[in-house]
Amino acid sequence: MTDVFHIVAGQEISGASFLLDPSMVQAYTSAVEESSPVYRDAMLVPPTAIAALGVRTILKELALPPGTLHAAQEMSMSRAVAAGEELSCAAKVTQSSQRRGWLFVVVEFSLADHGGKAVLDGRTTLMVPLQDS
Amino acid sequence: MTTTAEAGHALPELRKAVTQEQINRYAEASGDFNPIHLDAQFAAASSFGRIVAHGMLVLAFLSEMMTTAFGSAWLESGKLKVRFRAPAYPGDEVTTFGQVTKLTDQEGSRRAVCAVGCRNQQGEELITGEASVAIEAQTG
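Caption draft 1: Region of the structure containing the sheet that holds strand E3 (residues 86-99) of chain A. Pairing within the open sheet is antiparallel, and its 10 strands lie in the order E1(A)-E3(A)-E4(A)-E5(A)-E2(A)-E2(B)-E5(B)-E4(B)-E3(B)-E1(B). Each having just a single partner strand, strand E1 (12-19) of chain A together with strand E1 (15-17) of chain B make up the two edges of the open sheet. Averaged over all adjacent pairs, the angle separating strand axes in this sheet is 20°, with direction ignored. Summarising the sheet, E3(A) and strand E4 (residues 102-112) of chain A pair through 11 bridges and their orientation is antiparallel.

Right under this line is the structure:
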């Protein structure tokens, strides 16, 4: 695990794989009250679910303090992803800077399928409270 | 695709009520147990003064609007860039908004570019940004 307060731009975050377990996907679509038939009928996974689970995998490695906020999000989808697929995650910190009592951390990540082909790329900006450091 | 891909066309608006129960379920589903979303005492000491919903929960509403508007093309080719400007609180009603701003040709495909976001019941913008999606080539 990496201490977010000592992270530097360019630092890679150890990759991990995660399974888009159908029950987990169902719990997600239920929680966000996603009603589009494309997810229900074809068992596809909402892009925000893929991103959220990918970001969770990454952030587990950063030991973020409570109260961390999500400031911005970018995502780019390459193909639809079905429940049951396993994705691998590669991520890198591209920015780490302090401003007005917050540490701003930008993480770029790429989620790939079993064959190594990218399915979703993203960029997450976090605001980490410095008073908790 | 259910939305007419013409500049100026409005995307279908969605309204969602945010509840603490929903936030709790989202925490379980996403694995994000940050106490600012779940612990009233912790959240009271934060800059917001009370519990706030996960930004990605509110972003899911916006993504649902894009799926409603563009169908599976959103899953296959969508791009999204947003800022979380203000939080949603339990009890808020969030409304998504969006409008096709232009059509562009990129890497051999035509894309609909949309200004998108979410507002609360006071009209305050919670999320703003841009989304785009590949659309079928228009003929005629």
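Here the narrative resumes.
Caption draft 2: Inspection of the layout of surface pockets at higher detail. Computed from the structure, the largest pocket encloses a volume of approximately 1,100 Å³. If you go around the largest pocket, you meet 45 residues; those closest to its centre are Thr68(A), Leu69(A), His70(A), Ala71(A) and Leu126(A). Mapped by element, the contributors of at least two residues to the lining of the largest pocket are helix H3 (47-59), strand E2 (69-77) and strand E5 (118-129) of chain A together with helix H1 (20-30), helix H3 (55-70), strand E2 (79-84) and strand E5 (125-135) of chain B. A class-by-class count of the residues in the lining of the largest pocket yields 26 nonpolar, 9 polar and 10 charged. Of the voids in this model, the second largest pocket is the one considered here, and its volume is about 240 Å³. What lines the second largest pocket is a set of 15 residues, and nearest its centre among them are Glu74(A), Met75(A), Lys79(B), Leu80(B) and Lys81(B). Listing elements by their share of the lining of the second largest pocket, those giving two or more residues are E2 and E5 of chain A together with E2 and E5 of chain B.

Caption draft 3: How the structure looks around the pairing of E5(A). Residue and element names in this part refer to chain A. Burial within E5 is extensive, with 9 of its 12 residues counted as buried. Across 8 bridges, E2 lies against E5 in antiparallel orientation. The partner of Leu 69 across the bridge, within E5, is Met 127. Looking at chain direction, E4 and E5 are connected through 11 bridges and run antiparallel.

Caption draft 4: Local environment of the pattern of salt bridges. For the structure shown, the criterion picks out 9 salt bridges over all chains. Two residues, Arg123(A) and Glu74(A), come together in a salt bridge whose shortest N-O distance is 3.6 Å. In this pair, Arg123(A) is assigned in strand E5 and Glu74(A) in strand E2, connecting sequence segments 49 residues apart. Judged by its relative accessible area of 24%, Glu74(A) falls in the partly exposed class. Across the pair Lys16(B) and Glu64(B) runs a salt bridge whose closest N-O atoms are separated by 2.8 Å. Taken together, the positions of Lys16(B) in strand E1 and Glu64(B) in helix H3 put the pair 48 residues apart, joining distant regions of the chain. Given a relative accessible area of 9%, Lys16(B) falls into the buried group. Several salt bridges share partner residues, and in doing so they unite Glu74(A), Glu108(A) and Arg123(A) into one network.

Calculation criteria
Residues numbered from 1 in each chain as written. Chains lettered and ligands numbered in written order. Predicted model: local features only at pLDDT ≥ 70, side-chain atom pairs only at ≥ 80, totals over all residues. Heavy atoms only, no water. Pairing = 2+ DSSP bridges. Helix = DSSP H or I, 4+ residues; strand = E, 2+ residues; numbered from the N terminus. Axes fitted to C-alpha atoms, helices over the stretch in contact; angles between N-to-C directions. 1 Å grid on protein atoms, 1.4 Å probe; cavity = no way out; pocket = protein on both sides within 12 Å on 5 of 7 lines; lining within 4 Å. Points joined across faces, edges and corners; volume = space filled by probe spheres on them. Nonpolar A, V, L, I, M, F, W, Y, C, P; charged D, E, K, R; others polar. Buried < 20%, exposed > 50% of the residue type's maximum accessible area, 1.4 Å probe, protein only. Salt bridge = Lys/Arg side-chain N within 4 Å of Asp/Glu carboxyl O.

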